[in-house]
Amino acid sequence: MKDDNSASASDGDKPQISYLGLLLVFLTPGLGGFLFGFDLGATSFVLAMLESPTVPAYWWSTLKTQHVNQGLIVSALSLGGLVGSHIVLFHLAKIIGRRAEIRVCAVLYLVGTALNVASGTIFSQVKAGIYALVLGRFIFGLGVGFIMHGVSLLIFL
């Protein structure tokens, strides 16, 4: 007598796949790679926007003549990605696991984004806007380093 709850591979039954669930599993981590590429592409527009002479009262009004600061703004994300991927690859990959790695990445994205927003609002009042912006982009880059390692492992394994 055959039990209804047990299914064997010889029955020819195909497993039921939830394509919406599958999409959500791969879409969410894949957004990390999209954010990295989008940020790299949008940086040139942001630099042009920061060099606008229409609002001279903020810290970024003199950014057009400060080439070192422009380089720091652009390269902080890549440097953070390099450091973040090194930390994950050599130190944290086996310790915290893939899911925790993606959670840490999400926290780093949020902290970096909050610092970037605060660089033009809160920190601009105390003349620390450039430091908050570079630090925020570096922390965002750490998240990029985490996600580039975590997503490839999550999708592969």
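Residues numbered from 1 in each chain as written. Predicted model: local features only at pLDDT ≥ 70, side-chain atom pairs only at ≥ 80, totals over all residues. Heavy atoms only, no water.

### A closer look at the overall build of the protein chain
What the protein chain contains, in helices and strands, is four helices and zero strands. If you list the helices and strands of the protein chain from N to C, you get α-α-α-α. The long-range share in the protein chain, meaning contacts at least 24 apart out of those at least 6 apart in sequence, stands at 76%. Of the accessible surface of the protein chain, which amounts to about 10,500 Å², a share of 70% is contributed by carbon and sulfur atoms. (Helix = DSSP H or I, 4+ residues; strand = E, 2+ residues; numbered from the N terminus. Contact = heavy atoms within 4.5 Å. Areas by Shrake-Rupley, 256 points an atom, 1.4 Å probe, with all protein chains shown as cover.)

### Overview of the confidence of the model for the protein chain
A residue-level look at the protein chain finds 75% of positions with pLDDT of 70 or above and a mean pLDDT of 77. Model confidence for the protein chain, summarised as mean pLDDT per element, is weakest for helix H1 (residues 19-50) at 74 and strongest for helix H3 (residues 98-120) at 86. (pLDDT = per-residue confidence, 0-100.)

### Topic: H3
Along an α-helix, a turn takes 3.6 residues, which lines up residues three or four apart on a common side. Compared with the 33 Å implied by 1.5 Å per residue over 23 residues, the 34 Å span of H3 between its first and last C-alpha is a close match. Where H3 is concerned, the buried positions are Glu101, Ile102, Cys105, Leu108, Tyr109, Gly112, Leu115, Ala118 and Ser119. (Expected span 1.5 Å × (residues − 1). Buried < 20%, exposed > 50% of the residue type's maximum accessible area, 1.4 Å probe, protein only.)

### Looking at the environment of alanine 128
When you line up the elements, alanine 128 lands in the loop between H3 and helix H4 (129-156). Separated by ten residues in sequence, alanine 128 and alanine 118 have C-alpha atoms that sit 9.9 Å apart.

### Here's the deal with the nonpolar core
Cys105, Leu108, Tyr109, Phe140, Val144, Phe146 and Ile147 are the most contacted members of the largest nonpolar core, which totals 13 residues. Put simply, the parts of the chain that give this core at least two residues each are helix H2 (67-96), H3 and H4. If you tally residues by element for this core, the top one is H4, at six residues. Judged by nonpolar contacts, the second largest core, of six residues, contains Leu47, Ile73, Ile130 and Val134. (Core = buried A, V, L, I, M, F, W, Y, C linked by side-chain atoms within 4.5 Å.)

### Description of the packing of H2 against H3
Contact pair H2 / H3: the axes reach a minimum separation of 7 Å and the direction vectors enclose 120°. Classified by the angle their axes make, H2 and H3 are oblique. Taking contact as the criterion, the partners of Val88, Ala93 and Ile96 in H2 are, on H3, Arg98, Ala100 and Glu101. A class-by-class count of the residues in the contact of H2 with H3 yields four nonpolar, no polar and two charged. (Axes fitted to C-alpha atoms, helices over the stretch in contact; angles between N-to-C directions. Parallel < 35°, antiparallel > 145°, perpendicular 65-115°, else oblique. Nonpolar A, V, L, I, M, F, W, Y, C, P; charged D, E, K, R; others polar.)

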